[in-house]
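Coordinate analysis (summary)
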Number of protein chains: 2
Amino acid sequence: MPMDERKLDVLRAIVEDYVATQEPVGSKALVDRHNLRVSSATVRNDMAVLEEEGYIRQPHTSAGRIPTDKGYRLFVDKLSRIKPLSPAEKRAIQRFLEGSLDLDDVVHRAVRLLAQLTRQVAVVQYPSLTRSTVRHLELISVSTTRLLVVMITDTGRVEQRLCELPGPYDEESVLTLRRLINEKLTGKRLADTPSLVAALVDEVRYDLRPAMTSLSTVLMESLAERNEERLALAGTVNLTRSALDFHGSLMPILEAIEEEVVLLKLIGETGTSGSMVRVLIGDEHEFADLRTTSVISTGYGPGQTAVGGMGVLGPTRMDYPSTMAAVRAVARYVGEILAQNSPH
Amino acid sequence: MPMDERKLDVLRAIVEDYVATQEPVGSKALVDRHNLRVSSATVRNDMAVLEEEGYIRQPHTSAGRIPTDKGYRLFVDKLSRIKPLSPAEKRAIQRFLEGSLDLDDVVHRAVRLLAQLTRQVAVVQYPSLTRSTVRHLELISVSTTRLLVVMITDTGRVEQRLCELPGPYDEESVLTLRRLINEKLTGKRLADTPSLVAALVDEVRYDLRPAMTSLSTVLMESLAERNEERLALAGTVNLTRSALDFHGSLMPILEAIEEEVVLLKLIGETGTSGSMVRVLIGDEHEFADLRTTSVISTGYGPGQTAVGGMGVLGPTRMDYPSTMAAVRAVARYVGEILAQNSPH
DNA sequence: CCTGGCACTCCCACGTCGTGAGTGCCAGTC
DNA sequence: GACTGGCACTCACGACGTGGGAGTGCCAGG
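Residues numbered from 1 in each chain as written. Chains lettered and ligands numbered in written order. Predicted model: local features only at pLDDT ≥ 70, side-chain atom pairs only at ≥ 80, totals over all residues. Heavy atoms only, no water.

With 35 residues of chain A at the interface, the matching set in chain B holds 36 residues. Carbon and sulfur atoms make up 54% of the area that chain A and chain B hide from each other, which totals about 3100 Å². The largest per-residue losses of area from chain A upon contact with chain B belong to A:Val237, A:Leu254 and A:Glu258, which jointly make up 17% of the total buried on that side. Taken together, the connections running from chain A to chain B amount to 2 salt bridges. Here A:Arg178 and B:Glu171 are joined by a salt bridge, their closest N and O atoms 3.8 Å apart. Applying the counting criterion to the chain A and chain B interface returns 6 residue pairs in polar contact (both at pLDDT 80 or more). Counting only elements with at least two residues in the side of chain A that touches chain B, the list comes to helix 6 (103–118), strand 4 (134–143), strand 5 (146–153), strand 6 (158–164), helix 7 (171–185) and helix 11 (251–258) of chain A. Top element by residues in the side of chain A that touches chain B is strand 4 of chain A. It accounts for 6 residues. (Contact = heavy atoms within 4.5 Å. Buried area = accessible area lost by both parts, 1.4 Å probe. Salt bridge = Lys/Arg side-chain N within 4 Å of Asp/Glu carboxyl O. Polar contact = N/O pair within 3.5 Å; in protein donor to acceptor, adjacent residues only side chain to side chain. Helix = DSSP H or I, 4+ residues; strand = E, 2+ residues; numbered from the N terminus.)

Laid out in structure tokens, this is it:
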């Protein structure tokens, strides 16, 4: 059945008012603040229906109504347009991100910016290794039996790892190894490298095999273990403003925030969702402890494909249109900066 | 005047009980739980004196006493010995830290461990660049006009930075530059490098001067700007347990925690305080917002000199002996690991 | 110098109660 | 049939009052 037009207006009004005031909203207040052209009694009838359908609920009898998760969902899907940022805001974002020195700096600035714009907890995932490509691999002799392996990706991310060699090798051997590795790996997507690395050992002179074996072990480790993605976080202060929304205890969110795995599942890009902003409301995600938390996230990257995710966590009662706009904008600008720094 | 022995016992008992129970402690409870060999009336007299001298206070009339900052200070300085950890704990610490792969990993593990042991917010400063020495500098051609400068320090910290060259240079020139830079800088303390870097330009063949100028600029920047120290943080969840101690609002601490500058001032090593554990109680530090917060910190490093600081923040009412023990132990083991990884 | 006793203080938990915002329902109107 | 005004009803919430109990200060006696 097509949902009654006015009923939707009422729901929208309830969501907007509740988000703004943080208090259950009653029929009288609604007709006052929004120019619905009907009386409060009519609104009451609509609200009764909305409640029956599960979009709103009363905290207790004779209190106003508040949206349910289902209500927010409808609001986000149908009733709101992502609020475009003002030109001034856009300029501010751009200016703030432009001064960045390196990848670390970009990520840090982005996450702070996001926290500040949304006044929520912000998370930015570092560009994922597996979805980057190898730009260069360098071997640096630290001592005669120790090499530092430095891998640079196209997103500017640099990984380094110490490698213990089975015996001493001279400078020239190291150079040979370096050349070979770069020949085979440069330009390859990291996801594809494990098989390539495995094949390296067979390509090399007999006397260099032990060294290459050690190296490939280290490389494999980098690709596997180090696949633990890194995260940057900001805006935990904002939790204090919303303490009430989390029925008083900040523990669950603080716990989730410290657990990188949880955050990654929440904001990490799952597929190639492109430039879509994803919204998870309340228990739409898998973490029971975060029942009253919503997650707004999106992917970002230098081109069309995402190399990482970013987003914010906040109470289900949050300003979805603005938050979504901010997340989308920051992701977009970060993508642009990454593209500038690594013309492919 | 020499402080009366029993009065000190009473103060100690008050601190210990208050820390344990989180409630003002009365004269009756004191004589019950600790075997002071006197009556509650006597204890009351002592408490009256202690209060007059400013070591304890009553939240309100007819309530028990709680220690003041001055009381905690006396307790820490005179009345408590750092509680040695059990062998089991020591083994656990060692085992936990031993599996570390690289510096990042050591720091992360250390900070988590510290948070877990003390049940407070833990902070670890990455080994400070200025107090490290250069182990190796590597130049990597990313394109013909771009070099990646990678600096490895004796603490295992790796800094990288992109350098835009004024024109194209061939592989051999880069090698020459690399050799020269390493000759001059390897083994030097980073604090001493600025003057050395400045001198580099004059040492080089005429045709390489423009490149060397760019490089030295980048190096100087690394040393200056990048001197912004990095931090790792863990255990914010523990704040929820102590919410009451911060008169309800976690905002000030959360704010401080996000402000790296503040944290650095609090736990960063100021001088060469050696292996001492430093304790700042309440408003002994400079941040008015953290009046109810104490800071336990110490330096750590591969040898005698500290390359960084670590510590915990918690309510003034905390278990000082245990916390100090944990901080000292973790710092010690981290130092050992750093020493292992970089035999000088 | 210590102790038992006693009067005093005052926080806190608990129960009571009035108030007001908000509702559901119903009869009346366009 | 959809909307409106009116009315009785429901409860959360804050104010107020009260009793109990933990803890203190003081004093006189050992």
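Neighbouring DNA strand D are 20 residues, the closest being A:Arg6, A:Ser39, A:Thr42, A:Ser62 and B:Ser27. Counting only the atoms of DNA strand D that lie within 4 Å of the protein, the sugar and phosphate share comes to 77%. Between DNA strand D and A:Ser39 there is a distance of 2.6 Å, counted from a phosphate oxygen to a backbone nitrogen or oxygen. At 3.4 Å, a backbone N or O of B:Ala63 approaches a sugar or linking oxygen of DNA strand D. (Near = heavy atom within 4 Å.)

A regular strand carries its side chains on alternate faces of the sheet. Residues and elements named next belong to chain B. As defined by bridge partners, strand 5 (residues 146–153) adjoins strand 6 (residues 158–164) across 7 bridges and the pair is classed as antiparallel. Residue pairing in the sheet places Met-151 in a bridge with Glu-159 of strand 6. Connecting the antiparallel pair strand 5 and strand 6 is a turn made up of 4 residues, with Gly-156 showing a positive phi of about 90°. (Pairing = 2+ DSSP bridges.)

Residues and elements named next belong to chain A. Taken as a whole and assessed by the stated rule, the structure comprises 32 salt bridges over all chains. Ionic pairing is found between Glu-51 and Arg-65, a salt bridge with its closest N-O pair at 2.7 Å. Here Arg-65 lies in the loop between strand 1 (56–57) and strand 2 (66–67) and Glu-51 lies in helix 3 (residues 40–52), a separation of 14 residues in the sequence. Taking the relative accessible area as the measure of exposure, Glu-51 reaches 26% and is therefore partly exposed. Where Arg-205 meets Asp-207, a salt bridge forms, and the shortest distance between an N and an O atom there is 3.1 Å. (Buried < 20%, exposed > 50% of the residue type's maximum accessible area, 1.4 Å probe, protein only.)

What follows is about the sheet that holds strand 9 (residues 293–300) of chain B. Residue and element names in this part refer to chain B. If you trace the 5 strands from one edge of the open sheet to the other, you get 7-3-10-9-8, paired in antiparallel fashion. Two strands bound the open sheet, and with one partner strand each, they are strand 7 (231–234) and strand 8 (277–280). Each strand axis lies, on average, 15° off the axis of its neighbour in the sheet, ignoring direction. Judged from the 4 bridges that link them, strand 3 (residues 121–125) and strand 7 form a sheet pairing that is antiparallel. In the sheet register, Ala-122 faces strand 7, and the bridge partner there is Ala-234. (Axes fitted to C-alpha atoms, helices over the stretch in contact; angles between N-to-C directions.)

For the rest of this paragraph, the subject is unusual backbone geometry. The phi dihedral of A:Ser62 is positive, around 60°, even though this residue is not glycine. Residue position: A:Ser62 is located in the loop between strand 1 and strand 2. Taking relative accessible area as the criterion, A:Ser62 reaches 73% and is therefore assigned exposed. Positive phi is not limited to glycine here, since B:Gln22 has a value of about 65°. On the basis of relative accessible area, B:Gln22 is assigned to the partly exposed category, the value being 41%.

Residues and elements named next belong to chain A. When cut into domains, chain A gives domain 1 (5–79), domain 2 (87–128 + 229–341) and domain 3 (134–227). A C-alpha centroid distance of 28 Å is found between domain 1 and domain 2. In this complex, domain 1 contributes 8 residues to the contact, which on the side of domain 2 involves 15 residues. When domain 1 packs against domain 2, the two sides together hide about 930 Å² of surface, and 61% of this comes from carbon and sulfur. Our count for the domain 1 to domain 2 interface comes out at 1 salt bridge. Here Arg-73 makes a salt bridge to Glu-284, at a shortest N to O gap of 2.5 Å. Remark: the boundary between domain 1 and domain 2 carries 3 residue pairs in polar contact (both at pLDDT 80 or more). If one sorts the elements of the side of domain 1 that touches domain 2 by residue count, helix 4 (residues 69–79) sits on top with 5 residues. (Domains from an automatic or database assignment.)

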